[in-house]
Amino acid sequence: MKTTPYFADISDTLFMLYTFYKNSPLQRGMLKRSYDSLAQRPVMPTRVGGTRWITHKLLALNNLWKGYTAITTHLSQVDNDPKAKGKAQKILKTITRRNIVLFAHLLTDVLGCLSKLSLTLQADTTTVAEAYEAIEHTTDMLRKYKTRPGPKLREVINEDLSEFCGQKLSNIGANANFQASRERLLDSLTDTLTGRFQDVEVGVLKAARITSFKDWPLDMESMEEFGDEHVATLVDHFKPILISAGVNIAETETEWCAMKKTLYNNHQNALGKLCWAVVNSSLKSKYPNILDLVDLVLTLPTSSAVCERGFSIMKRVKTDWRSKLTANTLSDLLVISIHSPSIEEFDPLEAIHMWNN
């Protein structure tokens, strides 16, 4: 992405915009006055870069669009300091170029797509099959953006785009440059995603897709041989683990074929909505060996994000002021912090009743 024309200009300008207001209380106060004059809620420019660069850059772009009118109005009026005026004019000149506006909207769509993929891959409950679906969906969407504008770009793309949010734009008519940069960006991203995740198309990762009911065929004829090779691949790979867990691996393929027929007969019209928790509760005694294999595949982590979150939480829990925490106490506090529901989902009534009693 860094080698794509306009990308560096947008990144540098967002950083300049952030530091211009962050380092100057005067300019920040004047920007708030600009918001007040337009009867808008102040939205300050945010930083870009960092470890979560996708989220940071997406937030910076969204805040730019929310406050575009107020920001451009204030930048055009900065004249109290020659140095500040020079910076303001440089930022204003960049964000009022037609191709920059178009490419920044395209980038907003692309980063939104990549952000959803990132969140899916980082979730604790994401399975290998769900990760594959998310990667495939993201790649398809990026390919579509080459010829079809995304929701954000659709708001502004126009051959005669001469102004945006009441601000006149420069470089009118240079549409070929934007289209070339658009194709270069999207080709680079799709090639990178395909190359980075090419392992999901072979071996154990490909075989793990049998755990996604969305990938199961809908007709009985295709069902007959569906997943047979994948089950054999998984059994061969996890053979030592399965044997140590008491799984009869000789029965797994037979149980797989029988379980498929049972599920198709009972849930053919709603197979895509089925979940393995329901299958386990109803068929565990009938097909124990194949369901043990499925449970093993479902526990395969898709990323190391949970480990990284654990280290971050440990740093917050075991501070310099709590350096004498024992290993057991620290472990209990980490379990509470990592596995407790979020504030939005937490129901305190049970804890309150327990405390009262």
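These numbers were taken from a predicted model, which means no experiment stands behind them.

The rules behind these values
- Residues numbered from 1 in each chain as written.
- Predicted model: local features only at pLDDT ≥ 70, side-chain atom pairs only at ≥ 80, totals over all residues.
- Heavy atoms only, no water.
- Helix = DSSP H or I, 4+ residues; strand = E, 2+ residues; numbered from the N terminus.
- Rg over C-alpha atoms; globule rule 2.2 N^0.38 Å.
- Buried < 20%, exposed > 50% of the residue type's maximum accessible area, 1.4 Å probe, protein only.
- Contact = heavy atoms within 4.5 Å.
- Areas by Shrake-Rupley, 256 points an atom, 1.4 Å probe, with all protein chains shown as cover.
- Lys, Arg positive; Asp, Glu negative; His and termini not counted.
- Charge placed at Lys NZ, Arg CZ, Asp CG, Glu CD.
- Patch = residues over 30% accessible without salt bridge, like charges linked within 9 Å, V, L, I, M, F, W, Y side chains within 5 Å.
- Salt bridge = Lys/Arg side-chain N within 4 Å of Asp/Glu carboxyl O.
- Core = buried A, V, L, I, M, F, W, Y, C linked by side-chain atoms within 4.5 Å.
- Phe/Tyr/Trp six-rings, centres within 6.5 Å; stacked < 30°, edge-to-face > 60°.
- Axes fitted to C-alpha atoms, helices over the stretch in contact; angles between N-to-C directions.
- Parallel < 35°, antiparallel > 145°, perpendicular 65-115°, else oblique.
- Nonpolar A, V, L, I, M, F, W, Y, C, P; charged D, E, K, R; others polar.
- Expected span 1.5 Å × (residues − 1).

Undergrad: Provide a residue-level description of the overall build of the protein, including the pertinent values.
TA: Within the protein, the regular secondary structure consists of 18 helices and two strands. In summary, the protein has a C-alpha radius of gyration of 27 Å against a globular reference of 21 Å for 357 residues, an excess of more than 25%. Judged by the C-alpha coordinates and their principal axes, the protein covers about 80 × 60 × 35 Å. Among the 357 residues that make up the protein, the fraction classed as buried is 40%. For the protein, the share of sequence-separated contacts (at least 6 apart) that also reach a separation of at least 24 residues comes to 73%. Total accessible area on the protein stands at roughly 21000 Å², and carbon and sulfur atoms take up 54% of it. Of the charged side chains in the protein, 43 are positive and 40 negative; the average position of the first set lies 12 Å away from that of the second.

Undergrad: Account for a negative patch on the surface, with residues named and values stated.
TA: Together, Asp219, Glu221, Glu224, Glu225 and Glu229 line one region of the surface with negative charge. Checked against the element boundaries, Asp219 lands in the loop between helix H9 (203-207) and helix H10 (220-223).

Undergrad: Can you break down the nonpolar core residue by residue, with the values?
TA: Formed by 56 residues in total, the largest nonpolar core has its most connected members in Leu75 and Val110. Counting residues per element, the ones that place at least two in this core are helix H1 (7-22), helix H2 (25-37), helix H3 (53-66), helix H4 (68-77), helix H5 (82-95), helix H6 (98-122), helix H7 (128-144) and helix H8 (175-196). Ranked by residue count, the leading element in this core is H6, at 13 residues. By size, the runner-up hydrophobic cluster in this structure holds 31 residues, among which are Trp216, Phe226, Leu234 and Val294.

Undergrad: Before we move on, could you go through the packing of aromatic side chains and cite the residues and values that matter?
TA: Within the structure shown, the criterion is met by 12 aromatic pairs. Seen from their ring centres, Phe20 and Tyr21 are 5.1 Å apart, and the 85° between their planes marks the pair as edge-to-face. For the pair Phe20 and Tyr21, one class covers both residues: buried. With 6.3 Å between their ring centres and 40° between their planes, Phe226 and Trp256 make a pair best called tilted. Taken together, the positions of Phe226 in the loop between H10 and helix H11 (228-237) and Trp256 in helix H13 (residues 252-267) put the pair 30 residues apart, joining distant regions of the chain. Each member of the pair, Phe226 as well as Trp256, is classed as buried. Through pairs of rings, three or more aromatic residues link up here, namely Phe213, Trp216, Phe226, Trp256, Tyr264 and Trp276.

Undergrad: Break down unusual backbone geometry for me, with residues and values.
TA: Backbone geometry places Ala39, a non-glycine residue, at a positive phi of 60°. By the element assignment, Ala39 lies in the loop between H2 and H3. With a phi close to 55°, Cys165 is a non-glycine residue in the positive phi region. Looking at where Cys165 falls in the secondary structure, it is placed in the loop between strand S1 (163-164) and strand S2 (167-168). Classification of Cys165 by relative accessible area gives partly exposed; the value is 38%.

Undergrad: Tell me about the pattern of salt bridges, residues and numbers included.
TA: Close approach of charged atoms lets side chains of opposite charge pair. Applying the stated criterion across every chain, the model contains eight salt bridges. Note that Arg143 is salt-bridged to Asp140, the shortest N-O span being 3.7 Å. A residue pair is termed a helical-turn pair when its members lie 3 or 4 positions apart in one helix, as Arg143 and Asp140 do in helix H7 at three residues. You can call Asp140 partly exposed: its relative accessible area is 36%. When the shortest N-O distance is used, the salt bridge between Asp228 and Lys260 registers 3.2 Å. With Asp228 in helix H11 and Lys260 in helix H13, this pair connects stretches of sequence that are 32 residues apart. Given the relative accessible area of 0%, Lys260 is considered buried.

Undergrad: Before we move on, could you go through the packing of H1 against H2 and cite the residues and values that matter?
TA: Orientation of H1 relative to H2, taken along the N-to-C sense of each, is 100°, at an axis distance of 6 Å. Judged by the angle between their axes, H1 and H2 are roughly perpendicular. Residues Phe20, Tyr21 and Lys22 of H1 pack against Gln27, Arg28 and Leu31 of H2. In terms of residue class, the contact of H1 with H2 is made up of three nonpolar, one polar and two charged.

Undergrad: Describe H3, listing the residues and the values that go with them.
TA: Every α-helical turn comprises 3.6 residues, leaving residues that sit three or four positions apart pointing alike. The first and last C-alpha atoms of H3 sit 20 Å apart over 14 residues, in line with the 20 Å expected at 1.5 Å per residue. Of all the positions in H3, only Ile54, His56, Lys57, Leu58, Ala60, Leu61, Asn63, Leu64 and Trp65 are classed as buried. Against the buried residues of H3 lie H1, H4, H6 and S1.

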